[in-house]
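# Overview (structure and organization)
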Amino acid sequence: MKIAWAFTGAGHLLSESVEILEKLAAEHQVTVLLSGAGEEVLKMYGLFNRVKLVTGGYYQELILEKDQMWSYPISGRFSLGRYDLLIVSPTTSNTIAKLVHGIADSLVTNAVAQSGKGNVKTLLVPVDLESGDLDTVLPSKLELDLCQNCTTCEAAAVCPPDAITPGVEINLLKCQGCAACQTACPYGAVSGGSIITIHMREIDIKNSRKLHHLEGVEVLKDPLEILSHL
């Protein structure tokens, strides 16, 4: 099968999505589409290189939103029905809000819109699907209550992209998710994979429910469900 997999800027269900992507890429031709936020977040969580490794070759490209400008020429493949399936996982509330209101002004929303025109089935895994609280994983974080404000910050010294301002914060837009800082800090002041609880907004839940009315779109609760929908 020719499959396109799109990432948006969600951290929740991100690792699980990458794992399923790797399984599919072992048996199918997979093109990966990254929104600007999707590229940033994959790097924050140290997952970008894993995604990049599954690409290479025709219909197995790594498509970055910043390289597609505003006309998104790659979307022509979808309107022509050149793919068998489009997967968007994880899907942010922002992307969902655009989809249910017919807005196609980004790489991912344009791909979904053109898939509808080309009769290409789309599977969406929203992060805001059910009401209530949700546990999610954070990327690297500077724990200020543990930071000793060392004269020489060992974590900052080993950071390849120089993303750490000692005693202040980690610039996640620079962070590559390599976790070198976590190992280097002798006081455990840099955490990774911390769990936080966030509350689902009702407006996002309502928009996710509206996805069921989009032609050619199926909504899944978990990336694992993708394997049973091929």
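So, here's what we can say about the structure.

### Observations concerning helix 2 (residues 36-44)
Listing the buried residues of helix 2 in full gives Gly38, Glu39, Val41, Leu42 and Met44. Check the buried side of helix 2 and you find it contacts strand 1 (2-7), helix 1 (14-25), strand 2 (29-34), helix 3 (48-53), strand 3 (62-64) and helix 4 (65-68). Of the residues flanking the end of helix 2, it is Gly46, one or two places downstream, whose phi is positive at about 70°.

### What about the packing of helix 6 (residues 93-100) against helix 10 (residues 202-210)?
What describes two packed helices is the angle between their axes and the distance between those same axes. Remark: helix 6 packs on helix 10, axes separated minimally by 9 Å, with the N-to-C direction vectors making an angle of 50°. Relative to helix 10, helix 6 is oriented oblique. Crossing geometry of helix 6 relative to helix 10 is assigned as left-handed. Here Ser93, Ile96, Ala97 and Val100 of helix 6 lie close against helix 10, whose contacting residues are Asp204, Asn207, Ser208 and Lys210. Residue composition of the contact of helix 6 with helix 10, grouped by class: three nonpolar, three polar and two charged.

### Some details on helix 10
Within the sequence span of helix 10, burial applies to Asp204, Ile205, Asn207 and Ser208. Mapping the buried residues of helix 10 onto a view down its axis gives an arc of 165°, with all of them on the same face. On its buried side, helix 10 packs onto helix 6 and strand 5 (121-126).

### A look at the state of the cysteines
Taken as a whole and assessed by the stated rule, the structure comprises zero disulfides. As a non-bridged cysteine, Cys185 has Cys153 as the owner of its nearest cysteine sulfur, 6.7 Å distant. Given the relative accessible area of 14%, Cys185 is considered buried.

### Digging into the packing of helix 6 against helix 7 (residues 107-117)
For the pair helix 6 and helix 7, the least separation of the axes is 10 Å and the interaxial angle reads 40°. Comparing their axes, helix 7 and helix 6 come out oblique. Crossing angle aside, the handedness with which helix 6 passes helix 7 is right-handed. On the side of helix 6, the interface is formed by Thr95, Lys98 and Leu99, while helix 7 contributes Val108, Thr109 and Val112. Split into classes, the residues belonging to the contact of helix 6 with helix 7 amount to three nonpolar, two polar and one charged.

### Remarks on the nonpolar core
By size, the foremost hydrophobic cluster in this structure holds 25 residues, and its most contacted members are Trp5, Phe7, Leu42 and Ile226. Looking at this core, the elements that each hand over two or more residues are strand 1, helix 1, strand 2, helix 2, helix 3, strand 4 (85-91) and strand 5. It is helix 1 that contributes the most residues to this core, five residues altogether. Counting residues in hydrophobic clusters, the runner-up holds 24 residues, among them Tyr72, Leu107, Val108 and Val112.

### Brief notes about the environment of Leu64
By the secondary structure assignment, Leu64 is in strand 3. Distance in space between the C-alpha atoms of Leu64 and Met1 is 22 Å, their sequence separation being 63 residues. Those residues in contact with Leu64 that sit more than four places away from it in its chain are Leu34, Glu39 and Leu107.

### Section: the packing of aromatic side chains
Enumeration according to the criterion identifies four aromatic pairs in this entry. Aromatic pair Phe78 and Tyr83: ring centres 4.9 Å apart, planes at 25°, arrangement stacked. Here Phe78 and Tyr83 have matching classes, each one buried. These aromatic residues form a ring-pair network of at least three members: Tyr58, Tyr59, Phe78 and Tyr83.

Parameters and conventions
- Residues numbered from 1 in each chain as written.
- Predicted model: local features only at pLDDT ≥ 70, side-chain atom pairs only at ≥ 80, totals over all residues.
- Heavy atoms only, no water.
- Buried < 20%, exposed > 50% of the residue type's maximum accessible area, 1.4 Å probe, protein only.
- Helix = DSSP H or I, 4+ residues; strand = E, 2+ residues; numbered from the N terminus.
- Contact = heavy atoms within 4.5 Å.
- Axes fitted to C-alpha atoms, helices over the stretch in contact; angles between N-to-C directions.
- Parallel < 35°, antiparallel > 145°, perpendicular 65-115°, else oblique.
- Left-handed = near helix turned anticlockwise from the far one by under 90°.
- Nonpolar A, V, L, I, M, F, W, Y, C, P; charged D, E, K, R; others polar.
- Arc of directions from axis to C-beta.
- Disulfide = S-S within 2.5 Å.
- Core = buried A, V, L, I, M, F, W, Y, C linked by side-chain atoms within 4.5 Å.
- Phe/Tyr/Trp six-rings, centres within 6.5 Å; stacked < 30°, edge-to-face > 60°.

Spatial relationships are all this shows, so hold off on functional conclusions.
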